[in-house]
Amino acid sequence: MNGRERFRLIFKKKEIKPDAYTNLEKGDRMALMIAALSVFGPILLLGIGILALFIWGWNAFF
């Protein structure tokens, strides 16, 4: 197999069965939750902070 065929084989679309069950290992669910919180947590806190500053500014102005 030459380089071009190997390259095409790597990037070829794989068949995904729609009703296929995903096997998760023991700690995968907790790792996914921690990853989600580490990504969305700061974004949520930033949004709440911006909303709090807006409310504070509104009350200070009026």
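The preceding data block contains the structure.
Enquirer: For this particular structure, what's the right way to read the overall build of the protein chain?
Expert: Helix and strand counts for the protein chain stand at two helices and zero strands. The C-alpha radius of gyration of the protein chain comes to 23 Å, more than 25% above the 11 Å expected for a compact globule of 62 residues. The principal-axis extent of the C-alpha atoms belonging to the protein chain is close to 75 × 35 × 20 Å. Counting every position in the protein chain, which comprises 62 residues, the buried fraction comes to 0%. For the protein chain, the exposed surface amounts to about 6,800 Å²; the carbon and sulfur share of it is 69%. Of the side-chain charges in the protein chain, 9 are positive and 5 negative, and the distance between the mean point of each set is 7 Å.

Enquirer: Just to check I follow, could you spell out helix H2 (residues 28-61) for this structure?
Expert: Each α-helix turn comprises 3.6 residues. Residues three or four places apart therefore point the same way. In this model, H2 (34 residues) spans 49 Å end to end at C-alpha, consistent with the 50 Å of a helix rising 1.5 Å per residue. Approximately 30° is the largest bend angle found in H2, and it occurs at Phe 40, with the proline Pro 42 only one to four residues beyond. Here H2 lies mainly on the outside; zero of its 34 residues are buried.

Enquirer: Before we go on, may I ask you to explain the environment of Val 39 in this structure?
Expert: Residue placement: Val 39 occurs in helix H2. The class for Val 39 is partly exposed, based on a relative accessible area of 46%. Expressed as a C-alpha distance, the spacing of Val 39 and Leu 53, which sit 14 residues apart in the sequence, is 22 Å.

Enquirer: How should the packing of aromatic side chains be read in this particular structure?
Expert: We describe a pair of aromatic rings using the distance from one ring centre to the other and the angle between the two ring planes. Under the defined criterion, the tally for this structure stands at three aromatic pairs. Ring centres of Phe 54 and Trp 58 lie 6.1 Å apart, and the angle between their planes is 35°; on these two criteria the pair is classed as tilted. One end of the pair is Phe 54 and the other is Trp 58, both in helix H2 and four residues apart, which spans about a single turn. Ring geometry for Trp 58 against Phe 62: centres 4.7 Å apart, planes inclined by 55°, an arrangement best described as tilted. By way of ring pairs, the aromatic residues Phe 54, Trp 58, Phe 61 and Phe 62 are connected into one cluster.

Enquirer: Got a minute to help me understand a nonpolar patch on the surface in this structure?
Expert: On the surface, Leu 51, Phe 54, Ile 55, Trp 58, Phe 61 and Phe 62 cluster together into a nonpolar patch covering about 760 Å² of accessible area. Structurally, Ile 55 is set in helix H2.

Reading the values: the criteria
- Residues numbered from 1 in each chain as written.
- Predicted model: local features only at pLDDT ≥ 70, side-chain atom pairs only at ≥ 80, totals over all residues.
- Heavy atoms only, no water.
- Helix = DSSP H or I, 4+ residues; strand = E, 2+ residues; numbered from the N terminus.
- Rg over C-alpha atoms; globule rule 2.2 N^0.38 Å.
- Buried < 20%, exposed > 50% of the residue type's maximum accessible area, 1.4 Å probe, protein only.
- Areas by Shrake-Rupley, 256 points an atom, 1.4 Å probe, with all protein chains shown as cover.
- Lys, Arg positive; Asp, Glu negative; His and termini not counted.
- Charge placed at Lys NZ, Arg CZ, Asp CG, Glu CD.
- Expected span 1.5 Å × (residues − 1).
- Bend = angle between axes of the 7 residues up to and from the residue.
- Phe/Tyr/Trp six-rings, centres within 6.5 Å; stacked < 30°, edge-to-face > 60°.
- Patch = residues over 30% accessible without salt bridge, like charges linked within 9 Å, V, L, I, M, F, W, Y side chains within 5 Å.
- Salt bridge = Lys/Arg side-chain N within 4 Å of Asp/Glu carboxyl O.

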